[in-house]
Amino acid sequence: MRYAFSTLGLPGTPLERSAELAATHGYQGLELRAHPEEPLHPASSAGDRAAGLRTLTSAGVTVLGVAGYARVAAPGPDEPVLAEIEALVRLAADLEAPYVRVFPGGGEPPRADADDHAVRRLRAAAPFAERHGVRILLETHDSHRTATATARVLDRVAHPGAGALWDVLHTWLGGESPAGSSRALAGHLGYVQVKDVASAQELTPLELGGGALPLAEAVALVPPGGWLCWEYEKRWYPGAGTLPERLGPGRAYLERLVRAARAGLERKDTP
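Please read these numbers as outputs of a predicted model, since none were measured by experiment.

So, how was this worked out
- Residues numbered from 1 in each chain as written.
- Predicted model: local features only at pLDDT ≥ 70, side-chain atom pairs only at ≥ 80, totals over all residues.
- Heavy atoms only, no water.
- Helix = DSSP H or I, 4+ residues; strand = E, 2+ residues; numbered from the N terminus.
- Rg over C-alpha atoms; globule rule 2.2 N^0.38 Å.
- Contact = heavy atoms within 4.5 Å.
- Areas by Shrake-Rupley, 256 points an atom, 1.4 Å probe, with all protein chains shown as cover.
- Lys, Arg positive; Asp, Glu negative; His and termini not counted.
- Charge placed at Lys NZ, Arg CZ, Asp CG, Glu CD.
- Phe/Tyr/Trp six-rings, centres within 6.5 Å; stacked < 30°, edge-to-face > 60°.
- Buried < 20%, exposed > 50% of the residue type's maximum accessible area, 1.4 Å probe, protein only.
- Lys NZ or Arg CZ within 6 Å of the ring centre and 35° of its normal.
- Axes fitted to C-alpha atoms, helices over the stretch in contact; angles between N-to-C directions.
- Parallel < 35°, antiparallel > 145°, perpendicular 65-115°, else oblique.
- Left-handed = near helix turned anticlockwise from the far one by under 90°.
- Nonpolar A, V, L, I, M, F, W, Y, C, P; charged D, E, K, R; others polar.
- Salt bridge = Lys/Arg side-chain N within 4 Å of Asp/Glu carboxyl O.
- Pairing = 2+ DSSP bridges.
- Core = buried A, V, L, I, M, F, W, Y, C linked by side-chain atoms within 4.5 Å.

(A) Structural detail: the overall build of the protein chain. When its secondary structure is counted, the protein chain shows nine helices and eight strands. Relative to the 2.2 N^0.38 estimate, which gives 18 Å for 271 residues, the radius of gyration of the protein chain is 18 Å and therefore close to what a compact globule would have. Put simply, 79% of the contacts in the protein chain that link residues at least 6 apart link residues at least 24 apart. Total accessible area computed for the protein chain in this model is approximately 11,300 Å², and 54% of it derives from carbon and sulfur atoms. Computed over 28 positive and 32 negative side-chain charges, the separation of the two mean positions in the protein chain equals 2 Å.

This is the structure in structure tokens:
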């Protein structure tokens, strides 16, 4: 298993510091929040991108994904959404990142045509992403928070340049079991975001293992060699504890879950 964390947990932190924390605590990758508040975003210059990549490479850390905010299922014209996705793809390619995150954004409740918007835009953007060595991942979020809803879109897109980002919190909030999420996303999964919260009513981020999410079940379903990315939403919950001192225990907790899952498989295989 490979491990990453999102810079959403370190709002505004210089890239050198994020890379240092990742390397120190055994995380091979970073998911970079692509927003003007952060060091790198779609408007960053070529020089800043190149310097950022050098910083990460020298620390032995890769960019797992560029977390953008394009909303592919939202109402409105296609052109601005596609332009936003293409800018994110170019940033990811410059940073040698394999993935770009996009949101559905189809409304609550979702508009009847939300799926059609998402399918049309992802079909248009996926070949561009593939040519740049990048895969666009539709996160299980907002209007399409379950894996079943996300897969409904991706089954229609049917292009290798588009896939899914499984956010364990949102599928759980949508009433979907980890086993159900895993089945729905078979063939679509890019990577998995983990986090923990106290309850469906109290979403302030907690240390991994300190809340109610079925993390052991979800981790056991991640394919060998896959990525687990801890998204600690400090940016949206400024009163939450700080992330740096939690990174080491969080990495150790995930590794324990992975070992337990492997041990369970070995027991099943033993006659």
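(B) Spotlight on the packing of aromatic side chains. Applying the stated criterion to the full structure yields four aromatic pairs. Where tryptophan 230 meets tyrosine 232, the ring centres are 5.8 Å apart and the plane angle is 80°; that geometry is what we call edge-to-face. Judged by its relative accessible area of 1%, tyrosine 232 is buried. Directly above the aromatic system of tyrosine 69 lies the positively charged group of arginine 101, at a separation of 5.2 Å from the ring centroid.

(C) How the structure looks around the packing of helix α4 (residues 114-131) against helix α5 (residues 147-157). Orientation of α4 relative to α5, taken along the N-to-C sense of each, is 45°, at an axis distance of 9 Å. As the angle between them shows, α4 and α5 are arranged oblique. For the pair α4 and α5, the sense of crossing is right-handed. Residue-level contacts link Asp115, Asp116, Ala118, Val119, Leu122 and Arg123 of α4 to Arg152, Val153, Leu154, Arg156 and Val157 of α5. Partitioning the contact of α4 with α5 into residue classes produces six nonpolar, no polar and five charged.

(D) Molecular detail of the environment of glycine 187. Along the chain, glycine 187 turns up in the loop between α7 (178-184) and β7 (189-194). With 36 residues separating them in the primary sequence, glycine 187 and alanine 151 have C-alpha atoms 9.5 Å apart.

(E) Representation of the pattern of salt bridges within the structure. The final tally for this structure, using the stated rule, is 18 salt bridges. Glutamate 37 is the salt-bridge partner of arginine 235, the closest N and O atoms lying 2.8 Å from each other. Taken together, the positions of arginine 235 in the loop between β8 (227-230) and α9 (244-269) and glutamate 37 in the loop between β2 (29-33) and α2 (46-59) put the pair 198 residues apart, joining distant regions of the chain. We classify arginine 235 as partly exposed; its relative accessible area is 27%. What makes glutamate 37 partly exposed here is its relative accessible area of 38%. Arginine 259 is the partner of glutamate 255 in a salt bridge, and the nearest nitrogen-oxygen pair spans 4.0 Å. Taken together, the positions of glutamate 255 and arginine 259, both in helix α9 and four residues apart, correspond to about one turn of that helix. Residue classification places glutamate 255 among the partly exposed residues on the basis of a relative accessible area of 31%. We classify arginine 259 as partly exposed; its relative accessible area is 47%. What emerges from the salt-bridge pattern is a single network uniting Arg33, Glu37, Glu38 and Arg235.

(F) Structural view of the sheet that holds strand β3 (residues 62-71). Read around the barrel, eight strands follow the order β1-β2-β3-β4-β5-β6-β7-β8 and close on themselves; strand pairing throughout is parallel. Taking each pair of neighbouring strands and ignoring which way they run, the sheet shows an average axis angle of 30°. Examined bridge by bridge, β2 and β3 share five bridges and lie parallel to one another. Residue pairing for β3: glutamate 31 is matched across the bridge by glycine 65. Across the sheet, α4 is in contact with β3, β5 (135-139) and β6 (162-167); its angle to β5 comes to roughly 145°.

(G) Here's a closer look at the nonpolar core. Formed by 73 residues in total, the largest nonpolar core has its most connected members in Phe5, Val66, Ile85, Val194, Leu228 and Trp230. Among the elements that take part in this core, α4 stands out by supplying eight residues, more than any other. With residues up to four places along the chain from it excluded, the contact list for leucine 228 reads Met1, Arg2, Tyr3, Ala4, Val192, Val194, Val219, Val222, Leu254 and Val258. Ala4, Leu165, Trp227 and Cys229 belong to the second-largest nonpolar core, a separate cluster that totals eight residues.

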